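# Observations on chain architecture
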Number of protein chains: 2
Amino acid sequence: MLAYGTLIGFDRMAADARLAPDLRRRAVLAVMAADEMRNYELLAVRLDELGADPETAMAPFAEPLEAFHGATAPRTWLEGLIKAYVGDGIADDFYREVAEFLPEEADRTLVQQVLHDTRHADFAVAEVRAAVEEDPSVAGRLALWARRLVGEAFSQAQRVAAEREALTDLVVAGSGDITGIGELFKRLTSAHSARMKALGLSN
Amino acid sequence: MLAYGTLIGFDRMAADARLAPDLRRRAVLAVMAADEMRNYELLAVRLDELGADPETAMAPFAEPLEAFHGATAPRTWLEGLIKAYVGDGIADDFYREVAEFLPEEADRTLVQQVLHDTRHADFAVAEVRAAVEEDPSVAGRLALWARRLVGEAFSQAQRVAAEREALTDLVVAGSGDITGIGELFKRLTSAHSARMKALGLSN
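Notes on the structure in this doc start here.

Calculation criteria
Residues numbered from 1 in each chain as written. Chains lettered and ligands numbered in written order. Predicted model: local features only at pLDDT ≥ 70, side-chain atom pairs only at ≥ 80, totals over all residues. Heavy atoms only, no water. Least-squares fit on C-alpha atoms with pLDDT ≥ 70 in both. Salt bridge = Lys/Arg side-chain N within 4 Å of Asp/Glu carboxyl O. Buried < 20%, exposed > 50% of the residue type's maximum accessible area, 1.4 Å probe, protein only. Contact = heavy atoms within 4.5 Å. Buried area = accessible area lost by both parts, 1.4 Å probe. Axes fitted to C-alpha atoms, helices over the stretch in contact; angles between N-to-C directions. Helix = DSSP H or I, 4+ residues; strand = E, 2+ residues; numbered from the N terminus. Parallel < 35°, antiparallel > 145°, perpendicular 65-115°, else oblique. Nonpolar A, V, L, I, M, F, W, Y, C, P; charged D, E, K, R; others polar.

A few words on the relation of the copies chain A and chain B. By a simple turn and slide, chain A fits onto chain B: the slide is 0.0 Å along the axis, the RMSD is 0.0 Å, and the turn is 180 degrees. These values place the two chain copies in the arrangement generated by a two-fold rotation axis. Closest approach to the rotation axis among the C-alpha atoms of chain A is made by Ala 34 of chain A, whose C-alpha sits 2.1 Å away.

Set out below in structure tokens:
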């Protein structure tokens, strides 16, 4: 799931970079996209080691991840940045938690390693804050956009959970019980709220 | 010119990766695209060191490079691969030659470093050869495509040469005289023929 996520994340972020108002900003998003492929390579090597063909292993996740990106194609530069910061942020938090449940240490380490580099978080935050300061009327629309991103992410995650028993079992076993799962989601939501606050988009 | 070339090369190759018939092949071209941004970062750092704003320094090359890519958008996976192998091949040969004329060793080394990784050349050659073996009738069309790539590359290079005196002066001074320039172009053409032969597309 993570491998296909990097592959399509690369594709979409590369396209979103075109929304940048200038070449300097475009390059920042393009570098973020390029990082996805470095991560893809690490994941593909591990899948190979495990005797799994990356293509076959990724196939079941293509549809939900395509659906997520199809429903959340940014129309503006700021929407693209928020998607990279807020959308990838919540996905990374989820993968980081689930990685802890993996039996092999090599896999736990690998997942931590391929989560998005935070070096561009400050850039996204500064860009969005500056835009909101300049024109406070955009805040409401951008906050709605972020909410839509999270809604789509959860909706596709639920779809994956329903179809992929192995993943669901991992999360359930790792969390301990239904309370544990509830707490996991509470942590995801609280980290999301912190990001929205950093962007100046919280209510 | 090289910096803008990596930026737009990334953008186009990322889009061309979608033409791949499967995820494994798509990932190969996506990784090649991602490499462009690693190179962009190195070039941007050097431009900064030289006191040049990357955006301003790249601006004069945007139009000819966009024109090249606009005129050579691949319609098929094989056209995309040939563009990556043949088009980038001839551009790299040119940059490699010109780099030798640069006064600073740091710049000569940097240019050599950011030229396209050859690790994927074997992949492109194997893919195209296999396709031609399976259906020899595609060879003529693909050879024409390669010729068009080279024609467009030379035509945009001429435009850059006409507009950018500093680059022309560098090539003229480095080559020594008109015979030297003729020999440089002979070397470019001969390396191009070798690549066409490797693809099984030479006459």
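That covers the picture; the talk isn't over yet.
Here the structure, examined in full by the defined rule, presents 30 salt bridges over all chains. For Arg 12 of chain A, the salt bridge goes to Asp 11 of chain A, with nearest N and O atoms at 3.4 Å. Relative accessible area serves as the criterion here: at 6%, Asp 11 of chain A is assigned to the buried category. Salt bridges sharing common partners tie together Asp 11, Arg 12 and Glu 66 of chain A together with Arg 18 of chain B.

All right, on to the interface of chain A and chain B then. Think of interface size as the accessible area that goes away when the parts come together; that is how it is often given. Across the contact, 24 residues belong to chain A and 24 residues belong to chain B. Interface of chain A and chain B: buried area, both sides summed, is about 2100 Å²; carbon and sulfur atoms make up 61% of it. Considering only the surface of chain A that becomes buried against chain B, Leu 23, Arg 26 and Glu 55 of chain A emerge as the three largest contributors, covering 25% of it. In this structure, the connection of chain A to chain B is made through two salt bridges.

This paragraph deals with the packing of helix H6 (residues 121-134) of chain A against helix H7 (residues 138-163) of chain A. Residue and element names in this part refer to chain A. For the pair H6 and H7, the least separation of the axes is 8 Å and the interaxial angle reads 140 degrees. Taken as axis vectors, H6 and H7 run oblique relative to one another. Only Val 138, Ala 139 and Leu 142 of H7 make contact with H6, whose side of the interface consists of Val 128, Ala 131 and Val 132. Residue composition of the contact of H6 with H7, by class: six nonpolar, no polar and no charged.

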